[in-house]
There are 2 protein chains.
Amino acid sequence: MEGDATRVMIGVNESTIKGYPHASISSRGAFEWTLHKIVRSNTSGFKLLFLHVQVPDEDGFDDMDSIYASPDDFKSMNLRDKARGIHLLEYFVNRCHEVGVQCEAWIKKGDPKEVICHEVKRVRPDLLVVGSRGLGPFQRVFVGTVSEFCVKHVECPVITIKRSADEAPQDPVDD
Amino acid sequence: MEGDATRVMIGVNESTIKGYPHASISSRGAFEWTLHKIVRSNTSGFKLLFLHVQVPDEDGFDDMDSIYASPDDFKSMNLRDKARGIHLLEYFVNRCHEVGVQCEAWIKKGDPKEVICHEVKRVRPDLLVVGSRGLGPFQRVFVGTVSEFCVKHVECPVITIKRSADEAPQDPVDD
């Protein structure tokens, strides 16, 4: 039953609640769940593909107190964004290396749900894994959920991993 | 990384398009996909749990031309329904036996989406797999989709496997 490795694309994002860049609770949860429940000991049977989508607007929010005085200010901002994205992916690639499972990771800019769907079309994984904050219907109206959009629009099977209740931050819209 | 086997619950149903009981295209697709892409050669790492929900009303439709004259007519109808459900599960259990993966299978009556959610709460699988007919938004309004309901209401991760376009029957609402 072993042919080509099963290619699992995982959408990962940064935490919105804590300081320096690290993975959100829901994307770390989705990743660890995939390792423990799907990959298990069969590390050669799977290849993990990490996609991080940077949201231009959201990044802008962190810069509300910044003053832009020269083109270089924007250049350094771009460099810093890039560094944060790379730092995030490094975490996942390192974990894969520890466990011994093949992986690839890359960064795109744009609206996460649109970009994820576009990348699934391009890369054609066997399975897409997305973490979800597990928001209720009321919160969903305002926040929208990437996972719901992907389940509807993506051709390949999609697995939605909800953040467990005991891991939720104070404001469930966060992270 | 091998602890207890990953318990995968798969919702299975009968085809609505052809004659004698057999699995629907979407539930066979979901099952085979799970074997090939998730279980792979790691057969001891997984246990498959098949849940078949029989819909009382739907079964009634087949009996539009029947005449009920005695209590025994209903008894034999119940027996026949039971036989059809068992026949369906036999297909999946046999396939698991061939492949060498542990399994369990059982039948419940009721509304599939409600029963599946209830059984997930009771059985606590690691993952729920549901096939989907991949209906468009217009068809969904009238037919409703079990998979969408489960993604929203079930605690465990849910994977939705769409029927591939080349396997769709003439009327996509079927099967």
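What counts, and where the lines are drawn
- Residues numbered from 1 in each chain as written.
- Chains lettered and ligands numbered in written order.
- Predicted model: local features only at pLDDT ≥ 70, side-chain atom pairs only at ≥ 80, totals over all residues.
- Heavy atoms only, no water.
- Helix = DSSP H or I, 4+ residues; strand = E, 2+ residues; numbered from the N terminus.
- Expected span 1.5 Å × (residues − 1).
- Salt bridge = Lys/Arg side-chain N within 4 Å of Asp/Glu carboxyl O.
- Buried < 20%, exposed > 50% of the residue type's maximum accessible area, 1.4 Å probe, protein only.
- Least-squares fit on C-alpha atoms with pLDDT ≥ 70 in both.
- Contact = heavy atoms within 4.5 Å.

Enquirer: Would you mind going over helix H1 (residues 25-39) of chain A in detail, with residue names and values included?
Expert: Along an α-helix, residues three or four positions apart point the same way, because every turn accommodates 3.6 residues. Helix length check: H1(A), at 15 residues, gives a terminal C-alpha distance of 20 Å against a target of 21 Å (1.5 Å per residue), a fit within 8%. Immediately downstream of H1(A), the backbone of A:Arg40 shows phi near 50°, a positive value.

Enquirer: Lay out the pattern of salt bridges in plain terms, naming residues and giving numbers.
Expert: Summed over the entire model, instances satisfying the criterion amount to 20 salt bridges over all chains. Linking B:Arg95 and B:Glu32 is a salt bridge whose minimum nitrogen-to-oxygen distance equals 2.9 Å. Placement of B:Arg95 in helix H3 (residues 71-99) and of B:Glu32 in helix H1 (residues 25-39) is noted, with a sequence separation of 63 residues between them. Each member of the pair, B:Arg95 as well as B:Glu32, is classed as buried. B:Glu119 is paired through a salt bridge with B:Arg122; the nearest N and O atoms lie 2.7 Å apart. Here the residue B:Glu119 and the residue B:Arg122 both occupy positions in helix H4 (residues 112-123), the gap between them amounting to 3 residues, near one helical turn. Shared partners join several salt bridges into a network, and the residues in it are A:Glu32, A:Arg95 and A:Glu98.

Enquirer: How would you explain the relation of the copies chain A and chain B if you had to name every residue and give the values?
Expert: With an axial shift of 0.0 Å and an RMSD of 0.0 Å, the rotation relating chain A to chain B amounts to 180°. Taken together, the rotation and translation describe the operation of a two-fold axis. Residues of chain A ranked by C-alpha distance from the rotation axis are headed by A:Ile159, positioned 2.2 Å from it. A shared interface surface links the copies, since 100% of the contact residues of chain A are contact residues in chain B too.

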